[in-house]
Amino acid sequence: MFGFCPAALRDPMTMERANLLNMAKLSIKGLIESALSFGRTLDSDYPPLQQFFVVMEHCLKHGLRVKKSFLGFNKSLWGPLELVEKLCPEAAEISASVRDLPGLKTPLGRARAWLRLALMQKRLADYLRLLITRKDLLSDFYENSALMLEEEGAVIVGLLVGLNVIDANLCVKGEDLDSQVGVIDFSMYLKNDIDDYRSEERNSQIASILDQKNYVEELNRQLNSTVHGLQGRVDSLEKSNSKLIEELAIAKNNIIKLQEENQQLRSENSLILLKAQQHLEVAQGDVSVERDTYKQSRQGLDEMYNEARRQLKEECQLRQDVENELVVQVSMKQEMELAMKLLEKDIHEKQDTLIGLRHQLDEVKAINVEMYQKMQSSDEEMKKKNDVISRLEEKTNQITATMKQLEQRLQEAERHRTSAEEGTRRFKLDFANKADSLQRQIEHRERQLQQLETDLKIEREWRQTLQNDLDRERETVAQLSTEALQINGLKKEFHRLQDENIQLKTICEDQEQALEELGSKLSESKLKIEDIKEANKALQGGQVWLKDKEASHCKLCEKEFSISRRKHHCRNCGEIFCNSCSDNELPLPASPKPVRVCDTCHALLLQRCSSNPT
C-alpha cells in the first residue's frame, strides 16, 4: 500500500483507509465499465469481479480485532457479517445457505461465500449499510480506527449501490473459497491517456445509467408502498367479509329460532283453544245438571212459594214496596259481587296468559331490534366498502395517469432514438472520409441505443406489472360489487322476515281477542247460573244481603275490616263476616254444592241436620 497525502504519513491507519478507499473506487468503477462493455451477466471467472472481492475482503479485514482460541490467534470476517442476520431478517436465507454449503470449512470461506451471494441478490450495499449504522455492535469486532467505523466505510457502501446494475451468476458450491489467496493486482488499474478518454465517456454513461437506475428504484419503492397499502386494505376487506359471513350465519340461526318459536306459539294457541272448548263443555254440563236439580226442587218450592205469597198479601203495600226494593238492590249487589269475583278470576287467568304472551312478544321484539341493529351495522359496513371502492377507483385513475406518463416517456425515448438514427445517417453522408472518428461515434451511439432499448424493455415490464395490478384491482371491485348484491339480498330477506313477524303478531292479537270473547261468554254463563241460584234463595227464604258499605266490622268478632281482613257474605243469612268467622262450607237446599256459611248458621244447620236426619 502506498499513501499520497503527506499529512497522513504520521498515522498509518488513515493512510491504509485512504488507500483502501481509492482501491475500492477503482475496482468498483472498473467492474461497472467492464461489465457494460462485456455484458451485464458476469461469471465467477471474470478477473475484475475477482479483484473486487479481494478488495472488499481487505476493506472488511482492516482494523479487525484478533481473537484468541485454542489453536492460537485468529481474525475472522464471519463474525461481523453474521450480525446482518439479526439486523435484517431477509439476510437469514443467505446465512442459512452459507452454513449448509458442504465444501466450506473455515470462517473466511463462509465470509467469501456470503459476499458473493449478497452481490447476486443485489443487497450487498443495503446489508453493509445496516452494519455501519450499528457501531456499538461493530466495536466488539473492530478497533476504533478501522475502516468500517469511519467515514470511508460509508463512502464505500455508497459506491456499492452502483453494482445493482450488474447481474452476477456465480457458482459457490464448486469453488474452493477456503484456500484462495487475496492479492490485489494493480496492473488492471494502470491506464493510458486513451483509456482515460474512454473512461470519461464511460463515467458519463455510468452516471446516466445510475440516474436512470435511481429513478427506476424510486418508482419501485413507490409502487411497493402502494402494493403494500393495497394488500393491507385487501386483508381488511377479507376480514370484514369473514365477519359479514359470520353475522349472516348468526342471522340465519336467529331466523330458524324465530320460526321454531312461532311454531311453538301456534301449538300453544291451539292448546289454549282446546282448553277453552273443554271449559265450555264442562260449564254446559254443570248448567244442565243444575237445571235438572232446579226442575226436581221446583215442585217443593211451589208450595213454599204459595205460603210465602199468602204471607206477603197480609203485609202492607208499603212494606212490600220497600222489601221489593231491598230485594232488587241485594240481588243486584250479589250479582255484582259474583260477577266481580268471576271477573277477577278470569282476569288473573288471562293476565297470566297475557304476561306469557307479552314475554314472548318482547323476546320477538328484542330479536327484531337486534336484527335491525345488525342491518344498520351492515349498511354502515356497505358505506365503508363503497368508500373503499371509490378510493380504489381513485388509485386506479392515478395508476392510469402514471401509465400515460410512462407512455409519453416511451414516445420521447423513441423520438430520441429516431433523431439519433437520422444524425448517424447524416454523419455517414457528410463525413465519409473521417471513418475512424465516425466509427467511434457510431459505437457510442449504438451503446446509447442499447441502453435505451434496455430502458424501454424495463419500462414495458413495469407497464405490464401495472396492467396486472389494474386487473387485480378490477377483480377486487367486482368482488365488492357481488358482496354488495349479496347484502341487498339479505336486506330483502330481513324485510320478508319482518312482514312474517307482523303477520304472526296479527294472528296472536286475533287469538287474544277470541280468548277474551270466550272469557266474556263464560262470565255471562256463570252470572246467569248465579242469577238462578239467587232466585232460588229468594224463593226459599227471602233473606236480605247486607251491603258492603254498611258493614265495617265483623258481626261475630267485631274486628274491623282491612286489606288483610276481607269481607265475606254468609250464603244462608246474608250478613258480612271475616274469613275466620265464616270459614265453613255446607250444602244448602238452593245449591247442592257446599257454600260459605258463618259459624252461627253452621251450628244451626248442623242442629237441624241432627234433629231431622231425613
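The structure presented is a predicted model; accordingly, all values stated were derived computationally and were not measured.

Student: Before we move on, could you go through the overall build of the chain and cite the residues and values that matter?
Tutor: Across its full length, the chain holds 13 helices and eight strands. Just so you have it, the chain exposes about 40000 Å², and 53% of that area is on carbon and sulfur atoms.

Student: Lay out the confidence of the model for the chain with the relevant residues and their values.
Tutor: Looking at the chain as a whole, the pLDDT averages 78, with 85% of positions reaching at least 70. Ranking the helices and strands of the chain by mean pLDDT puts strand S6 (residues 576-577) first, with 90, and strand S3 (residues 72-74) last, with 45. In the predicted structure, residues 1-9 sits below a pLDDT of 50 and forms nine contacts with residues beyond four places in sequence or in another chain.

Student: An account of the pattern of salt bridges is needed here, citing residue identities and associated values.
Tutor: Counting across every chain of the model gives 13 salt bridges. With a closest N to O distance of 3.2 Å, lysine 61 and glutamate 57 form a salt bridge. With lysine 61 and glutamate 57 both in helix H2 (residues 47-61), this residue pair falls four residues apart, about one helical turn. Take glutamate 57: its relative accessible area is 7%, and that puts it in the buried class. When the shortest N-O distance is used, the salt bridge between arginine 99 and glutamate 82 registers 3.1 Å. You can see arginine 99 sitting in helix H5 (residues 92-100) and its partner glutamate 82 sitting in helix H3 (residues 78-82), a full 17 residues away along the chain. Classification of glutamate 82 as partly exposed rests on a relative accessible area of 29%.

Student: Residues and numbers for unusual backbone geometry, please.
Tutor: With phi around 60 degrees, lysine 122 is a residue other than glycine that occupies positive phi space. Here lysine 122 lies in the loop between helix H6 (107-121) and helix H7 (124-133). Even without being a glycine, glutamate 558 presents a positive backbone phi close to 55 degrees. Within the secondary structure, glutamate 558 is located in the loop between helix H12 (435-540) and strand S5 (568-569). Since its relative accessible area comes to 59%, glutamate 558 is described here as exposed.

Student: Summarise the packing of H5 against H6; cite the residues concerned and give the values.
Tutor: Where H5 meets H6, the closest approach of the two axes is 10 Å, and the angle between their N-to-C directions is 140 degrees. As summarised for this structure, H5 and H6 are arranged oblique, according to the angle between their axes. With respect to the hand of their crossing, H5 and H6 are arranged in right-handed fashion. Across the interface between the two elements, Ile94, Ser95, Ser97 and Val98 of H5 pack against Arg110, Ala113, Trp114, Leu117, Ala118 and Gln121 of H6. Grouping the amino acids of the contact of H5 with H6 by side-chain chemistry returns six nonpolar, three polar and one charged.

Student: So what's going on with H7? Which residues, and what values?
Tutor: Turning to H7, its buried residues are Leu124, Ala125, Tyr127, Leu128, Leu131 and Ile132. The buried residues of H7 all sit within an arc of 165 degrees when viewed along its axis, so they share a single face.

Student: How would you sum up the side chain of histidine 569? Please name residues and give values.
Tutor: Within the secondary structure, histidine 569 sits in strand S5. Of the residues examined, histidine 569 reaches a relative accessible area of 5% and is grouped as buried. If we skip the residues at most four places from it in the chain, histidine 569 touches Glu337, Trp545, Leu546, Asp548, Gly574, Glu575, Ile576 and Arg596.

Student: Report on the side chain of arginine 17, specifying residues and quantitative values.
Tutor: With respect to the helices and strands, the residue arginine 17 is situated in helix H1 (residues 12-38). According to the relative accessible area criterion, arginine 17 is buried, its value standing at 8%. A polar side-chain atom of arginine 17 sits 2.8 Å from the main-chain carbonyl oxygen of serine 145. Apart from the residues lying within four places of it in its own chain, the contact partners of arginine 17 are His62, Ser145, Ala146, Leu147, Glu150 and Glu152.

Student: Give me H2: which residues, what numbers.
Tutor: Along its 15 residues, H2 runs 21 Å from first to last C-alpha, staying within 8% of the 21 Å computed at 1.5 Å per residue. For H2, the tally of buried residues reaches eleven of 15 residues, placing the bulk of the element in the interior. Among the residues of H2, Pro48, Leu49, Gln51, Phe52, Phe53, Val54, Val55, Met56, Glu57, Cys59 and Leu60 are the ones counted as buried. Following H2 by one or two positions, glycine 63 adopts a phi angle in the positive range, close to 70 degrees.

Student: An account of the nonpolar core is requested, with residue identities and associated values reported.
Tutor: The biggest cluster of nonpolar side chains holds 59 residues, and the ones touching the most others in it are Leu49, Phe52, Trp114, Leu128, Tyr142, Leu160 and Leu163. Put simply, the parts of the chain that give this core at least two residues each are H1, H2, H3, H5, H6, H7 and helix H9 (151-160). Dropping the residues within four chain positions of it, tryptophan 114 is found in contact with Trp78, Leu81, Val84, Ile94, Ser95, Val98, Leu124 and Tyr127. In terms of nonpolar packing, the next biggest core, distinct from the first, is built from 14 residues, Phe561, Ile576, Leu586 and Cys601 among them.

Student: Go over the state of the cysteines with me, naming the residues and quoting the values.
Tutor: In total, this model carries zero disulfides according to the counting rule given. Of the cysteine sulfurs around cysteine 578, a residue in no disulfide, the closest is that of cysteine 581, at 3.5 Å. Among the residues examined, cysteine 578 registers a relative accessible area of 2% and is labelled buried. Unpaired in terms of disulfides, cysteine 598 finds its nearest cysteine sulfur in cysteine 601, a separation of 3.3 Å.

Student: I'd like a rundown of the packing of aromatic side chains, residues and numbers included.
Tutor: Under the criterion given, the structure shown has two aromatic pairs. Between the aromatic rings of phenylalanine 52 and phenylalanine 53, the centroid separation amounts to 5.6 Å while the plane-to-plane angle is 55 degrees, which identifies the pairing as tilted. Comparing phenylalanine 52 with phenylalanine 53 shows no difference in burial state: the two are buried. Their ring planes at 45 degrees and their centres at 5.9 Å tell us that tryptophan 114 and tyrosine 127 sit as a pair that is tilted. Of the two residues, tryptophan 114 is situated in helix H6 and tyrosine 127 in helix H7; the sequence distance between them amounts to 13 residues. Using a relative accessible area of 1% as the deciding quantity, one classes tryptophan 114 as buried. Since its relative accessible area comes to 0%, tyrosine 127 is described here as buried. Stacked on the ring of phenylalanine 53, the Lys or Arg arginine 116 has its end atom at 4.2 Å from the ring centre.

Rules used in this analysis
Residues numbered from 1 in each chain as written. Predicted model: local features only at pLDDT ≥ 70, side-chain atom pairs only at ≥ 80, totals over all residues. Heavy atoms only, no water. Helix = DSSP H or I, 4+ residues; strand = E, 2+ residues; numbered from the N terminus. Areas by Shrake-Rupley, 256 points an atom, 1.4 Å probe, with all protein chains shown as cover. pLDDT = per-residue confidence, 0-100. Contact = heavy atoms within 4.5 Å. Salt bridge = Lys/Arg side-chain N within 4 Å of Asp/Glu carboxyl O. Buried < 20%, exposed > 50% of the residue type's maximum accessible area, 1.4 Å probe, protein only. Axes fitted to C-alpha atoms, helices over the stretch in contact; angles between N-to-C directions. Parallel < 35°, antiparallel > 145°, perpendicular 65-115°, else oblique. Left-handed = near helix turned anticlockwise from the far one by under 90°. Nonpolar A, V, L, I, M, F, W, Y, C, P; charged D, E, K, R; others polar. Arc of directions from axis to C-beta. Polar contact = N/O pair within 3.5 Å; in protein donor to acceptor, adjacent residues only side chain to side chain. Expected span 1.5 Å × (residues − 1). Core = buried A, V, L, I, M, F, W, Y, C linked by side-chain atoms within 4.5 Å. Disulfide = S-S within 2.5 Å. Phe/Tyr/Trp six-rings, centres within 6.5 Å; stacked < 30°, edge-to-face > 60°. Lys NZ or Arg CZ within 6 Å of the ring centre and 35° of its normal.

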